[in-house]
Structures are given as structure tokens and as C-alpha cells.
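So you can see what is in the structure, the chains are spelled out below.
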Amino acid sequence: MSGSLGRAAAALLRWGHVAGSGVLRGPGVRAAGSGAGGRSAEQLDALVKKDKVVVFIKGTPEKPQCGFSNAVVQILRLHGVRDYAAYNVLDDPELRQGIKDYSNWPTIPQVYLNGEFVGGCDILLQMHHNGDLVEELKKLGIRSELLDTQQDQDSK
Amino acid sequence: MLRGRLVGRLVSMAGRVGLPLSGPGSGTVGPVEAAIRAKLEQALSPEVLELRNESAGHAVPPGSETHFRVAVVSSRFEGLSPLQRHRLVHEALSEELAGQVHALAIQARTPAQWRDNPELDKSPPCLGGSKKTRGTP
């Protein structure tokens, strides 16, 4: 891992498709440096804008350590969002506090779409319920798999 | 409950997110819970204010006041986005959130929205993540 983001992330997990094969690749931990030094707003700004979908959670997508973080992971999974960056704040106290200061939001998890802070678990769940999440993902060029599920079921 | 563009299927899918109930509080109202209630009443003049101490479902000592869920029903939320509504709640409780309150689930609704679904939701179960960093929000 290179550049400032390497220093920024204690553990960046990414889920993604292998290009061309359509095979789901397991999450690979991108270990980073010691995380020494504080994080500037600029660094965090780059972090949340680096990927279309970014979440800061407790634990990992494979093994969330908090029910609210787990809910965020499961909602993204339901929509078929696999290519997202997940930062485990439990591995990085500075990131844990830094991202709260950055967003002016006191709790984890935190969800960013296209670099914009969306909210935490409650708001993502609300967006999931009322259909807004499907629309927001569409703006990012991500087609929610729930739409396919719905079509499949409607056609039966 | 779940009105919207994708109602039918999303309802069933939402159920699969699975948010079973963590244990309710002990029934006694502690000082933090009392402060949360007083500050929200002061700041938002809610028509309805439902507050639940969910700490007992988490990896904290008995009697803790660390995890809460609140439903705030206020006309102040009219015309505000969910993010803006939550920020109003956070602002009112900044002292508590900077202190021992570790988790705060928020349902911020207008009176009309509350009438559609007048229930305090359930929080997902604790997965133990606070154990190694207990006490820090």
C-alpha cells in the first residue's frame, strides 16, 4: 500500500470482484503502518473520497464487533455492495477519534457515499427502508441487487 | 411502517437485517438517563420522548448508563433531513456523548411520522467490540 493512505489505515478491508471473472474475492487485509501521528482533516477527506462507498466500523465486514456496525455491513450486503472500503476503528484509536471530529458525529459506524457523510446505522437503515439507499447507490453507478431480487420475485 | 418506493420487497429484506432485542434496562432511571430526558425536553420540546437504557445488553457492568435508544417526536424536525435531525439530538446531548454515553440510537420523527409508526425500535445485539476499549465512546 502506498502513499498517505497507507499511513492512514490501520486495517483497510476491501471486498471486490476480480476484474473480468465475476468471482467474488474474499476480503484482503491491507495492513498499514503503525498509524503514528494524528490525522489531518485533509487526510481524512482524501480517505473518505478515495472510494465511492466508505464505512468506518468496529471490527471488520467479516467479523463486526458491534451490532450497529454489523447492521451497516448487512445492509450493504443486501444491496450487493461488495466493493467498499471498511476501516476498523478498533485497530486505530486516532482514526476512531479523528473521523468523529471530521464528520462532527459522535458515534461509530459512519457511512460515506461519494465522499459525503451520510450518517450512522440509524440513517442507513432508514434509507434502506424508504428506498433512498437504492437511489443513492444508483447515483454512484451501483445497481442495488435488491432491484434484481424484486424483479425476480415479481416475475414469478 | 415501511412506506416508500420499494415497499413490498424491502420490508422482507429489512427483516433479514435482523435486529433482535438486546436486554432492556433495569427499570430504574439513572442520572444519565434523567439528564438525557431533561436536555432533550429542553432543546426540542418533544411531543413524545421515549428513552430506553439498553446498556444491560452490552459488555458493561450492571447498572451502566452507556447505551441508549431514544425516539424524539418533535415538530422542530419538520423540513429537516435525517442528518440534520440527528445533529440536533447530538447537540442537545453533547456533554453526555462526550462522557459515558457510548451508543445512542436515534429515531427523530415529526409528529405525523410518529403517528404512522409509534414504536421505539429495537437495537441489534452487542457483538462485544467494546470489551477491549471499554469506557471510550
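Quantities reported herein were computed from a predicted structural model and do not represent experimental measurements.

1. Thoughts on the overall build of chain A
Helix and strand counts for chain A stand at 7 helices and 6 strands. When its helices and strands are written in sequence order, chain A yields α-β-β-α-β-α-β-α-β-β-α-α-α. The 156 residues of chain A split such that 54% are buried. Accessible surface for chain A amounts to roughly 6800 Å². Of this, 48% is attributable to carbon and sulfur atoms.

2. Some points on the side chain of T107 of chain A
With respect to the helices, strands and loops of the structure, T107 of chain A is situated in the loop between α4 (93–103) and β5 (110–113). Non-local contacts of T107 of chain A, meaning those with residues more than four positions away in its chain, are made with K100 of chain A together with H102 and L104 of chain B.

3. With respect to the state of the cysteines
A full pass over the atoms with the stated rule returns 0 disulfides over all chains. C66 of chain A takes part in no disulfide bond, and the closest cysteine sulfur, belonging to C126 of chain B, lies 7.1 Å away.

4. Describing the layout of surface pockets
In this structure, the second largest pocket encloses a volume near 310 Å³. Around the second largest pocket, the lining comprises 13 residues; the ones closest to its centre are K100, N104, W105 and P106 of chain A together with L97 of chain B. Sorting the residues of the lining of the second largest pocket by element identifies α4 of chain A together with α3 (82–92) and α4 (94–98) of chain B as the ones contributing at least two each. Class assignment for the residues of the lining of the second largest pocket results in 5 nonpolar, 4 polar and 4 charged.

5. Let's talk about the nonpolar core
Ranked by size, the top nonpolar core spans 41 residues in total, and within it V53, V55, F56 and Y84 of chain A carry the most contacts. Here this core gets 6 residues from one element, more than from any other, and that element is helix α3 (residues 67–78) of chain A. Filtering out sequence-adjacent residues up to four positions away, V55 of chain A remains in contact with V72, L76, Y84, A85, A86, Y87, Q110 and V111 of chain A. One finds V32, V72, V89 and L93 of chain B within the second-largest nonpolar core, a separate group that totals 18 residues.

6. Considerations on the side chain of R39 of chain A
Along the chain, R39 of chain A falls in the loop between β2 (24–31) and α2 (41–50). For R39 of chain A, the side chain forms a polar contact with the side chain of D92 of chain A, separated by 2.7 Å.

Cut-offs and rules
Residues numbered from 1 in each chain as written. Chains lettered and ligands numbered in written order. Predicted model: local features only at pLDDT ≥ 70, side-chain atom pairs only at ≥ 80, totals over all residues. Heavy atoms only, no water. Helix = DSSP H or I, 4+ residues; strand = E, 2+ residues; numbered from the N terminus. Buried < 20%, exposed > 50% of the residue type's maximum accessible area, 1.4 Å probe, protein only. Areas by Shrake-Rupley, 256 points an atom, 1.4 Å probe, with all protein chains shown as cover. Contact = heavy atoms within 4.5 Å. Disulfide = S-S within 2.5 Å. 1 Å grid on protein atoms, 1.4 Å probe; cavity = no way out; pocket = protein on both sides within 12 Å on 5 of 7 lines; lining within 4 Å. Points joined across faces, edges and corners; volume = space filled by probe spheres on them. Nonpolar A, V, L, I, M, F, W, Y, C, P; charged D, E, K, R; others polar. Core = buried A, V, L, I, M, F, W, Y, C linked by side-chain atoms within 4.5 Å. Polar contact = N/O pair within 3.5 Å; in protein donor to acceptor, adjacent residues only side chain to side chain.

Purely spatial values, then, with no claim about function.
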